[in-house]
Each structure stands twice: as C-alpha cells, then as structure tokens.
Amino acid sequence: VTLREIAHARTGDKGDTCNISLIAFDERDYPRLLQHATAPRVKALFGGMVRGDVTRYELPHLGALNFVMTRALGGGVTRSLALDAHGKSLSTLLLDLEI
Amino acid sequence: MDGWIGEGQISYAGEGAVARGRLASAIVKERLQLIGVTPLELRSDLIGLNALHGDRGDRAVEPYEVRLRVAARTTSREDAWRVAREVESLYTNGPAGGGGASTSVRQVLAMRSTLVPRDRVSWRVDYVSVP
C-alpha cells in the first residue's frame, strides 16, 4: 500500500525550494502519516532530485504534514532546465511512498 | 540576466523507441563537444520515461513512444541556438524514424529573494463601510 490510499498532496515552489503538503483524507489516519512519512524516508524516496535538506512540519489540527525541500528545483523556475520547472508533478512521487 | 536556454525536442516511436531516444541523446552531446559548445548546464530527458521523476520512471514498462528533450543553459544566444539545432539535425543525422522536431531559445531572467528595510515600504489601510 502507498500513501495515495490514505492521503492527497500538492506541491508549491519558491525559488529553488519545493514544498509538498500531505493531507490525510480522514484525520484518523494522521498518525499513520506521522509514522511512515518521515523526513529521512522522503529524502531517500526523492534521491538525487533533492540536493538539499528535507524538513517535515507537523500540522495535527489539519491532519497534515508539510515537507520543505531545499535545492530541489534545478536552481528555481526561471533558470531550471526541467520540463516541470515548478515541480508540480513531485506530489505524485511522494504519494508513491510505501506504508 | 542569467544566460540563455536553448531547447530541442524530437520523438521516436515503435520497437526500440527508448533505445533510439537514448542514442539520439548521446549523439547530441557528442556533436556539441565536436562543435565546441560547452553549456553551463545541460539536461536530457526522454518524455514519457524520465522527464518528471528522474530515474524512477525508468523502472516502468517501456512506452510505445518517447520524446527526447535536450535543454541547455549557455552564456550566448548563438550557443543556445546551436543546442536546439543539434536536436533538429537528428531528422537526417540520427536514429531512424525521428519526427516532430521543435526548437526554442529564450533568455533567462534571474530572480533573487531579498528583504528591504521596513521604512522603505509605505502603506495605508482604508476602511469602507457598506450599508
């Protein structure tokens, strides 16, 4: 089973920093997000795509986590050579995390 | 200003499409060396395979068609065009069956996040009552 069974996600960007929100469909699944979607696991999942750090912020009142990834967008939207320069497709990679 | 980005794309389909796409990518890189273009940064993707999530997509089932995309940041506009043209040249000087080539060149505008002293920002708030 992967995260996509119990949560949805959306990506934002600011400069070379990418953030991905991970939101439980059902707030009762929030503890499972806490348990499985740890910063080191997310960092490992993204591998070479994130050259900086992955920091996890917890928002229990929303049943959500926010991951902030530095040096993750090829230098930022204006100079990135990536097809998806904003990194909007990265949310679906996070949802592939095995739980 | 932060240089130029030159980009070229071309598609391959059918049996061996991925292998031909990879070969085409290698040809472009070798050609750029031969003509003395050394980009500040170069990126080559096969759209449909690894353009969005990197190598992770390579585990997937081989797609019927792929689109090679080579993009490079260069210091000069002319070098950016050379990158784009080397992809287009694959029509007649690359793996079989390349189609639908496209090229583009654009100038890169640099952006930088910064803070300004608070006293340099003037602001005001108006309250309007609506009956």
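Just so it is clear, the model here is predicted, and its values are computed rather than measured.

We now examine the overall build of chain A. If you tally the helices and strands in chain A, you get three helices and four strands. When the helices and strands of chain A are placed in sequence order, the string is β-β-α-α-β-β-α. Relative to a compact globule of 99 residues, whose C-alpha radius of gyration would be 13 Å, chain A shows 13 Å and is just as compact. Expressed as lengths along the three principal axes of its C-alpha atoms, the size of chain A is roughly 40 × 20 × 20 Å.

Our next topic: the sheet that holds strand β3 (residues 65-74) of chain B. Residue and element names in this part refer to chain B. Overall, antiparallel pairing links the four strands, which are arranged β2-β3-β1-β4 in an open sheet. At either margin of the open sheet sits one strand with a lone partner, and together these are β2 (41-47) and β4 (99-107). Strand-to-strand, the axes of this sheet are offset by a mean angle of 10 degrees, without reference to chain direction. Across seven bridges, strand β1 (residues 4-13) lies against β4 in antiparallel orientation. The partner of W4 across the bridge, within β4, is Q107. Together, β1, β3 and β4 form the strand contacts of helix α2 (residues 77-88), whose direction differs from that of β1 by roughly 5 degrees.

Moving on, we come to the nonpolar core. Counting residues in hydrophobic clusters, the biggest one holds 27 residues, and the most contacted among them are A:L22, A:L33, A:F46, A:F67 and A:M69. Going through the elements one at a time, β1 (7-14), β2 (17-24), α1 (30-36), α2 (39-46), β4 (64-69) and α3 (90-94) of chain A are the ones with two or more residues in this core. For A:F67, the contacting residues outside a window of four places in its chain are A:C18, A:N19, A:I20, A:L22, A:A37, A:T38, A:A39, A:V42, A:V54, A:T55, A:R56 and A:L94. Within the second largest apolar cluster, 18 residues are counted, among which are B:I10, B:V18, B:A24 and B:L90.

Here is what the cut-offs are and how they apply
Residues numbered from 1 in each chain as written. Chains lettered and ligands numbered in written order. Predicted model: local features only at pLDDT ≥ 70, side-chain atom pairs only at ≥ 80, totals over all residues. Heavy atoms only, no water. Helix = DSSP H or I, 4+ residues; strand = E, 2+ residues; numbered from the N terminus. Rg over C-alpha atoms; globule rule 2.2 N^0.38 Å. Pairing = 2+ DSSP bridges. Axes fitted to C-alpha atoms, helices over the stretch in contact; angles between N-to-C directions. Contact = heavy atoms within 4.5 Å. Core = buried A, V, L, I, M, F, W, Y, C linked by side-chain atoms within 4.5 Å. Buried < 20%, exposed > 50% of the residue type's maximum accessible area, 1.4 Å probe, protein only.

Remember, this is a structural readout, not a statement about activity or role.
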